[in-house]
Amino acid sequence: MVTAVAANIAATIDHISGGRAEYGIGAAWMEDEHRQYGIPFPRLGVRMNMLDEACRVVRGLWTEPRFSFEGEHHRITGAHFLPRAVQQPRVPVWVAGRWPNRRPFRRAAHWDGLFPVFEAVDGGVTDGSRIRRRAPVEDYLRPQRRYAHLFGEEPRRNGRRDRHRQHHHIR
């Protein structure tokens, strides 16, 4: 059960970091990577259902003394989860989603923050101003979580695109 193992790793990191871990989760996007690791890559609707179940599973594992779950993609029976996270009731959860699709952002509104994932604009890296122009992202961010990770691509260099990550503070 990959989700349960990831939740356990996150709780362990929360201990090692003195309660500073945050858990990022999304519906996956890099099909080639899945193929390379032998992981199935179902259609988007199925991945979104898997994401919803995974979010319920990590919440249940982190907050319930004994947790059971029977879903289409996850099955857990009477799990006693240890170690408990330092942060209570759970490690903060950030949900990723492709901008400007609204559904992922509605989903993220139930959690602690969002990772808006962008495509490159005009061959450059998308900047935070695009967020502020397109929609009131603050509506989706909880007040204590006002930091978003923005992803894009740098212009071509030597015939290939390099992945680039920027961190922007949303005002």
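Let me begin by describing the structure that accompanies this report. Owing to the predicted nature of the structure, the values given are computational and were not obtained by experimental measurement.

### Comments concerning the side chain of Thr3
Considering the arrangement of structural elements, one finds Thr3 in helix H1 (residues 2-16). Judged by its relative accessible area of 13%, Thr3 is buried. For Thr3, the residues in contact, after removing those within four places along its chain, are Tyr23, Ala54, Val57, Val58 and His74.

### Quick word on the nonpolar core
Formed by 29 residues in total, the largest nonpolar core has its most connected members in Tyr23, Ile25, Leu51, Leu61, Trp62, Val93 and Val95. At the level of elements, H1, strand S1 (23-25), helix H3 (44-63), strand S2 (67-70), strand S4 (93-98) and helix H4 (102-108) are the ones that each hand at least two residues to this core.

### Comments concerning the pattern of salt bridges
Evaluated as defined, the whole model comprises five salt bridges. We note a salt bridge from Arg107 to Asp52, for which the minimum N-O separation is 2.4 Å. In this pair, Arg107 sits in helix H4 while Asp52 sits in helix H3, placing the two residues 55 residues apart along the sequence. For Arg107, a relative accessible area of 17% translates into the label buried. Assessed through its relative accessible area of 26%, Asp52 is described here as partly exposed. One salt bridge in this structure joins Arg75 and Glu70, with 3.1 Å as the shortest N-O distance.

Criteria and thresholds
In every chain, residue numbers begin from 1 and rise along the written sequence. In keeping with the predicted nature of the model, local features appear solely for residues at pLDDT of at least 70, side-chain atom pairs appear and are counted solely at 80 or more, and the whole-chain, interface and lining totals rest on all residues. To obtain the side-chain values, all non-hydrogen atoms of the structure were used and water was disregarded. Secondary structure follows DSSP: runs of H or I at least 4 residues long count as helices, runs of E at least 2 residues long count as strands, and numbering of each begins at the N terminus. Residue exposure (1.4 Å probe, protein chains only): buried if accessible area is under 20% of the type maximum, exposed if over 50%, otherwise partly exposed. A contact between two residues is defined here by any heavy atoms of the two lying within 4.5 Å. Here, nonpolar core refers to any group of buried Ala, Val, Leu, Ile, Met, Phe, Trp, Tyr and Cys residues whose side-chain atoms link them within 4.5 Å. We count a salt bridge whenever a side-chain nitrogen from Lys or Arg sits within 4 Å of a carboxyl oxygen from Asp or Glu.

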